[in-house]
Amino acid sequence: MAQDDVLIPAERLTAFIAGTFAAAGASAEEAQEIAGNLVGANLAGHDSHGVVRTPRYLENARLGQMVFGGKAEVVTDGGAFLLLDGGFGFGQTVGRQAVEIGVERAKREGVALVALRRAGHLGRIGEWAERASAAGLASIHFVNVGRSMLVAPFGAAERRFSTNPVCIGVPNPSGEDFLLDFATATAAEGKILVAMKGGKAPPAGSLIDGDGRLTEDPRALYGETEPGAVPDPRKGPGALTAMGAHKGSGLALACELLAGTLTGSGAAGPGEGPYNGMLSIYIDPNRLDDGFGWGAATADYIAFVKSARPADPAAPVMIPGDPERQARAKRLAEGVPLPRETWESLVAAARSVGAPEAA
Ligand code: NAD
């Protein structure tokens, strides 16, 4: 934690953010859901998808790019597959609805494919896999971002993709669940936003300038931003890089195709008001199990992986999902650290919508 950081108990931060969204026009219930999701990302250690997003969400709502009171409408119901239209409702609302439908169908059919198009920003995708895991289901999520171009394909010096997260969750009935959740960009855009707001520097190798050369200057993505203005990732001359060279670039393209062009949500491109498409697959492991015992096999293998001799004796081997659990335990106990600039931008955002000062 940096010396200038503000440390806020999660409950208090949630109430403050919920108050802001309620003042901006969300129902008390939806405001609480949005705030809970954003603070949940901070608790999981993913500050890039936490409360730092509040000013931009408010701007999206003000411009009608994300709407309060959204509902995931069923466009096609094919039994084990569904096409849903999020109607640009807040992702915290329509994303949760889509997951509930997917969980219900997978319990009924053994497997369910849910194509959600035109959702407002779905935030930390891991939250959706965590919900599926909590219901005893494995899940796979491919996500793209319409009206957004941030990432250069492998070998390119200009943007074609967005940050396109991939997320896979596998429940572990007698231990810690597996939760792999990452952007196919070397760094999620929000991590560069954190750097722009005075937080940690962008991860090495995550940004190129307009000539395709690596840089650590977040202005490669946002350009120059007036003090107090919301940084706009469309404005910079450079791009984010895809993770894992040609492999990550290929995965990013797969997200565009699976979540963008196959769902009717639309692939990445220029425009105002980014939104998410998400293709999700939910699997009930019990329905695959003819008696071999998937639960014990999963738990045993995860324990075997974690028992690998660590390269650094002080850093035991973790599985995906462990860092989030550790961050959550620490931050629930100690509070959520926020760079002072982020905190000040939240107070300004609350004032801008006339929210009662909660802190
Ligand atoms: P990241 O680089 O921090 O990687 C996170 C993943 O790596 C997690 O599964 C974590 O458990 C695992 N991990 C980290 N350290 C590990 C270790 N030492 N051992 C084993 N596993 C380890 O994540 P990111 O790419 O910065 O993405 C951050 C968040 O941004 C994600 O939650 C993603 O869903 C979200 N995102 C959302 C959108 C959107 O449009 N909604 C777009 C991009 C990213």
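What you see is a predicted model; the values in this text were computed from it and never measured.

Rules used in this analysis
Residues numbered from 1 in each chain as written. Predicted model: local features only at pLDDT ≥ 70, side-chain atom pairs only at ≥ 80, totals over all residues. Heavy atoms only, no water. Buried < 20%, exposed > 50% of the residue type's maximum accessible area, 1.4 Å probe, protein only. Helix = DSSP H or I, 4+ residues; strand = E, 2+ residues; numbered from the N terminus. Pairing = 2+ DSSP bridges. Polar contact = N/O pair within 3.5 Å; in protein donor to acceptor, adjacent residues only side chain to side chain. Contact = heavy atoms within 4.5 Å. Salt bridge = Lys/Arg side-chain N within 4 Å of Asp/Glu carboxyl O. Domains from an automatic or database assignment. Buried area = accessible area lost by both parts, 1.4 Å probe. Nonpolar A, V, L, I, M, F, W, Y, C, P; charged D, E, K, R; others polar. Phe/Tyr/Trp six-rings, centres within 6.5 Å; stacked < 30°, edge-to-face > 60°. 1 Å grid on protein atoms, 1.4 Å probe; cavity = no way out; pocket = protein on both sides within 12 Å on 5 of 7 lines; lining within 4 Å. Points joined across faces, edges and corners; volume = space filled by probe spheres on them.

A. Region of the structure containing the pairing of strand β8 (residues 178-183). In β8, alternate side chains face the same way, and those of Leu-179, Asp-181 and Ala-183 are buried while those of Phe-178, Leu-180 and Phe-182 on the opposite face are not. The pairing of strand β7 (residues 165-170) with β8 spans six bridges and is antiparallel. Along β8, the bridge assignment pairs Cys-167 with Asp-181.

B. Summary view of the side chain of Ser-148. Checked against the element boundaries, Ser-148 lands in the loop between β5 (138-146) and β6 (151-152). Side-chain polar atoms of Ser-148 contact the side chain of Ser-162, separated by 2.9 Å. Those residues in contact with Ser-148 that lie beyond four places of it in its chain are Phe-161, Ser-162, Ala-268, Gly-269 and Pro-274.

C. Local environment of the pattern of salt bridges. Tallied over the entire structure, the rule returns 26 salt bridges. The salt bridge involving Arg-105 is made with Asp-77; its shortest N-O contact spans 2.8 Å. Here Arg-105 is found in helix α4 (residues 91-109), whereas its partner Asp-77 is found in strand β2 (residues 73-77), with 28 residues between them in sequence. In this structure, the salt-bridge partner of Arg-105 is Glu-104, at a minimum N-O distance of 3.4 Å. The class of Arg-105 is buried, set by a relative accessible area of 10%. Residue classification places Glu-104 among the partly exposed residues on the basis of a relative accessible area of 39%. What emerges from the salt-bridge pattern is a single network uniting Glu-176, Lys-306, Asp-322 and Arg-325.

D. The sheet that holds strand β9 (residues 207-208), seen in detail. Read from one edge of the open sheet, three strands run β6-β10-β9, paired in mixed fashion. One side of each edge strand has no neighbouring strand; the edge strands of this open sheet are β6 and β9. Across two bridges, β9 lies against strand β10 (residues 239-241) in antiparallel orientation. Of the residues in β10, the one forming a bridge with Leu-207 is Leu-240.

E. View of the domain arrangement of the protein. Each assigned domain of the protein is listed with its residue range as follows: domain 1 (1-62 + 335-359), domain 2 (67-185 + 244-292) and domain 3 (199-241). Between domain 1 and domain 2, the C-alpha centre-to-centre distance is 24 Å. Interface area, domain 1 with domain 2, both sides summed: about 1,300 Å², of which 55% is carbon and sulfur. Among the residues of domain 1 in contact with domain 2, Glu-30, Glu-33 and Asn-37 are the three that bury the most area, contributing 40% of the side total. Between Arg-96 and Glu-33 there is a salt bridge, with its nearest N and O atoms 2.6 Å apart. On inspection of domain 1 and its partner domain 2, the count reaches seven residue pairs in polar contact (both at pLDDT 80 or more). Going through the elements one at a time, α2 (28-43) and α3 (54-62) are the ones with two or more residues in the side of domain 1 that touches domain 2. Per element, the largest residue contribution to the side of domain 1 that touches domain 2 is seven residues, and it comes from α2. The residue inventory of the side of domain 1 that touches domain 2, partitioned by class, reads nine nonpolar, five polar and three charged.

F. Inspection of the packing of aromatic side chains at higher detail. Inspection of every chain in the model, using the stated rule, returns seven aromatic pairs. Between the aromatic rings of Tyr-57 and Phe-90, the centroid separation amounts to 5.7 Å while the plane-to-plane angle is 85°, which identifies the pairing as edge-to-face. One end of the pair, Tyr-57, is in helix α3; the other, Phe-90, is in the loop between β3 (81-85) and α4, with 33 residues separating them in the sequence. Grouping residues by exposure puts Tyr-57 and Phe-90 together as buried. Ring centres of Phe-88 and Tyr-275 lie 5.1 Å apart, and the angle between their planes is 90°; on these two criteria the pair is classed as edge-to-face. Of this pair, Phe-88 sits in the loop between β3 and α4 while Tyr-275 sits in strand β11 (residues 275-283), and the two are 187 residues apart along the sequence. Classification of Tyr-275 as buried rests on a relative accessible area of 8%. A connected cluster of aromatic rings, assembled from ring pairs, spans Phe-21, Tyr-57, Phe-68 and Phe-90.

G. Looking closely at the layout of surface pockets. In this model, the largest pocket occupies a volume close to 940 Å³. Taken together, 44 residues line the largest pocket, and the ones lying closest to its centre are His-49, Arg-53, Arg-56, His-121 and Glu-189. Looking at the lining of the largest pocket, the elements that each hand over two or more residues are α3, β8, α6 (189-196) and β11. Per-element accounting of the lining of the largest pocket gives the leading share, four residues, to α3. Residues of the lining of the largest pocket, tallied by class, amount to 18 nonpolar, 14 polar and 12 charged. Of the volumes computed, that of the second largest pocket is approximately 540 Å³.

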